[in-house]
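# Coordinate analysis (summary)
Listed here are the chains, written in short residue letters.
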2 protein chains.
Amino acid sequence: MKKMSRTEQTMFFADYERSRGNYIADVDGNVMLDVYQQIASIPIGYNHPALLAMTDDPYFKTMAVNRHALGFMPHSNHMNTLDDTLLRVKPKGLDNVQMAMCGSCAVETAMKCVFIRYRSMQRGSTEPTEEEMATTLEGKTPGCPNLCIIGFTKGFHGRTIGCLTVTHSKEIHKVDIPSFPWPVARWPELKYPLHQYVQENEEEEARCLEILYNTIKATNEAGVHAAGVILEPIQAEGGDNYASPAFFRGVQKIAHEFNAAFMVDEVQTGGGSTGKMWAHEHWDLPTAPDTVSFAKKMLVGGYYFKDEYLSPHPYRIQNTWMGDPMRVYLLKAVLDTIEKDNLLGRVVEAGDVLDVALQDMEAEFPDVVHSNRGIGTFRAITFHNQDARNMTMMACRNMGLNCGPCGDMAIRFRPALIYTPDHVPITMNIFRAALVAVRDSMRVEATA
Amino acid sequence: MKKMSRTEQTMFFADYERSRGNYIADVDGNVMLDVYQQIASIPIGYNHPALLAMTDDPYFKTMAVNRHALGFMPHSNHMNTLDDTLLRVKPKGLDNVQMAMCGSCAVETAMKCVFIRYRSMQRGSTEPTEEEMATTLEGKTPGCPNLCIIGFTKGFHGRTIGCLTVTHSKEIHKVDIPSFPWPVARWPELKYPLHQYVQENEEEEARCLEILYNTIKATNEAGVHAAGVILEPIQAEGGDNYASPAFFRGVQKIAHEFNAAFMVDEVQTGGGSTGKMWAHEHWDLPTAPDTVSFAKKMLVGGYYFKDEYLSPHPYRIQNTWMGDPMRVYLLKAVLDTIEKDNLLGRVVEAGDVLDVALQDMEAEFPDVVHSNRGIGTFRAITFHNQDARNMTMMACRNMGLNCGPCGDMAIRFRPALIYTPDHVPITMNIFRAALVAVRDSMRVEATA
């Protein structure tokens, strides 16, 4: 029987006062180079001076101690803050944004937005019918309609119950929790390195696009219409699984053929670590995604959406807190720093150096690791078995490198945007030493 | 056709720098006595000195700029913070707490906790079977089981998709969003004042308890077992609908007869405004609720739960942020202030004075308002029609009193815990003037 993985629990107690930049300190006095950065959620490193300076700002303090109902009584400065932060880095073609408290709420609200727009399209009106209003409070159709969102195998979109339905990455996330019976599309299982398997991977992607088409067609014919298709640019929790720009363009095309929304979940990929603010900017899409959800490095959750997804009834997607005005204000310092220090350019440089270094590891330890892959500093490498992966992570930590697991067999690199090419040798000295130790222990085991 | 209510949208832009204590300022220079307090979410008023002082605390600043993965790498001080805050005011019999980002996530995670415990009980093991693990990733039974949570008519539990399923307060919250087909129990429709309708209300509650029993029995027999029953101590969004302590004890007894969890949602009622930290403490329950969810005045979301609801697999209810260590640290200043200034005692005093004042309004304006009701300063009064309610709210605002709507026809009072008996006459002078104006305009209309 497949046991539930127990690797992802409390790792250690951190000393955040002594943590600085790329380095995390723990309570025992250890300092580690951190290439995991709180599951990719620290944008410019620990205790960045630009962020610390914000905490003396009177507006920051006011927002911290007066947590208000943002949708009802915003601060007069709130629109300016949005202009300076979330709207300043809005993806091309997406002029609207709504905040949420976390990544799961970002996806939940994006899905609601997509459902509302789909029903409006179906009935040819934004106003629900009398029958819909009459059936809604009991949770029955047509008021609460039979619609679905199509997710992909190995996808991860958060852990609230709605999000869990489109999440298919690990059993431990979903088991024992009820799920909507929404169909699942197939994510291409590509071979790495991508440039060596161009034809096989193209065939695999074509196969998966065909499955997607048939999946939507079948569910629509069964009366559970697909209002949207949701995916990550890189399936992060599911194991850093890639697909090509052509695949994403293909998914968008199919979704739009069925009038379904093309929903991109950038909670982990957004914020700069692929070398662009949004990973979907690598795809050369003919038109923007319909929704783009975010959290983590953006410091607040939320989603961007196209004009045609704007509900005429503002209260339909609302709640008390609606995201944190204090945290989004901090984002200004993050974006200023990214610009001033050209951090996206640095990510590309550091990513290239890290890529070459991980290729060297593949070459030196072919029995231990394979499938180095990534864009920018958003990288992963896979182990031949889970024990080796877990042992390597622990050995790294003991030698001063904090990295994270990814899927069942991989280690992921998610350094902050301030990680430089100079950090790569420090990373690799420890990573290589860990691989040596793990290889040696595997050999001892094999000959025992 | 019933139109969607549009009363609850952006009301005004606030000047939070100039807001103080019970008074909110707007950008036009107006200052209003605020008895709504951001939908009941400001515990000790605007810009309380004890909270502002915390913003100079180095630990506060560290938590603000280093938003970490709390479940994986907590700060060494985090357990102390929990002891000083959430665990310090834990309801009797509930020794465990888990944080979440908001009220919806609090309810989502409480529901997950309840589902996991129910399945463990059903199969006699905390470990899922091979078949369950094999079916989970596709979202199919038995891995994703056919279980439900029973909510009540008019109940409100948040607006993520799982929460929406147990929410039945307003059409605008739910329409066009898919819902699990979970059964709904009937909330008693009591007559006010409660002491005048003791027998009728007892009969109504007995009827609703019988419906609850039959609802659970029927869904269990249909194979969609009820893992829990969720309710609010006072149905706040649904219109401040009350039930008696005996009713709540009856619900708990029925839930436990079916091995279902008794889940109390204290997102709006918790935090002191009923004169106790938790509204369910008014019920004299024979044993604690199985889960108690909170947010709003507690500054963070989360839920308390009994020992037998603790999952043996900590990663099953987890995510990246898992609540905000900075906000929960601020809660210490809130709880210190509640103790030092005996705010719960003050709430009882102010509530009694407010109650009498609202009774006077009922007597003076019987054609306009009725059904004054409440516990502590958690109070509401109902209007004979929605227009009169909305006009009164607007008139109050124009004269310097900010109050909020509640259900279709009521106005709710949700002052901060620092509201005193001396604020009642200020409140009532304006409220009465608004009622006079509304009554006069109704008379003009009637004779026109």
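Residues numbered from 1 in each chain as written. Chains lettered and ligands numbered in written order. Predicted model: local features only at pLDDT ≥ 70, side-chain atom pairs only at ≥ 80, totals over all residues.

### Let's talk about the interface of chain A and chain B
Between chain A and chain B, the contact holds 90 residues from the first and 90 residues from the second. Of all the secondary structure elements, the ones that give two or more residues to the side of chain A that touches chain B are β1 (14-20), α1 (37-40), α2 (49-54), α3 (58-65), α5 (103-123), α6 (130-136), α7 (161-165) and α8 (171-174) of chain A. Top element by residues in the side of chain A that touches chain B is α5(A). It accounts for nine residues. Each residue belonging to the side of chain A that touches chain B can be placed in one class, and the counts come to 43 nonpolar, 28 polar and 19 charged. (Contact = placed C-beta atoms within 7 Å. Helix = DSSP H or I, 4+ residues; strand = E, 2+ residues; numbered from the N terminus. Nonpolar A, V, L, I, M, F, W, Y, C, P; charged D, E, K, R; others polar.)

### A word on the relation of the copies chain A and chain B
At an RMSD of 0.0 Å, chain A and chain B line up after a rotation of 180° and a shift of 0.0 Å along the axis. Given the turn and translation reported, the copies of this chain are related as if by a two-fold rotation axis. The share of interface residues of chain A whose copies in chain B are also at the interface is 100%, consistent with both copies meeting through the same surface. (Least-squares fit on C-alpha atoms with pLDDT ≥ 70 in both.)

### Regarding the sheet that holds strand β2 (residues 23-26) of chain B
Residue and element names in this part refer to chain B. The four strands lie next to each other as β1-β2-β3-β13, forming an open sheet whose pairing is mixed. A strand with exactly one partner marks an edge of an open sheet, and here the two such strands are β1 (14-20) and β13 (401-402). Where β1 meets β2, three bridges bridge the pair, whose relative direction is antiparallel. If you follow Arg 20 over to β2, its bridge partner there is Tyr 23. (Pairing = 2+ DSSP bridges.)

### Topic: the pairing of strand β9 (residues 291-294) of chain A
All names here are of chain A. Alternating residues of β9 divide into Thr 291 and Ser 293 and Val 292 and Phe 294, and every residue in both groups is buried. Note: strand β8 (residues 261-265) against β9, three bridges, orientation parallel. Across the sheet, residue Asp 265 finds its bridge partner in β9, namely Ser 293. Sheet topology note: the β9/strand β10 (residues 301-305) ladder contains four bridges and is antiparallel. Paired with Thr 291 across the strands is Phe 305, a residue of β10. (Buried ≥ 20, exposed ≤ 12 C-beta atoms within 10 Å, placed from the backbone.)

### Thoughts on unusual backbone geometry
All names here are of chain A. Geometrically, the link from Thr 141 to Pro 142 is a cis peptide bond, its omega value of 0° lying close to zero. Turning to its location among the elements, Pro 142 is positioned in the loop between α6 and β5 (147-152). Residues other than glycine seldom take positive phi values, yet Asp 284 does so here, at roughly 55°. Secondary-structure assignment places Asp 284 in the loop between β8 and β9. Backbone geometry places Met 322, a non-glycine residue, at a positive phi of 50°. For Met 322, a count of 23 C-beta atoms within 10 Å corresponds to the buried category.

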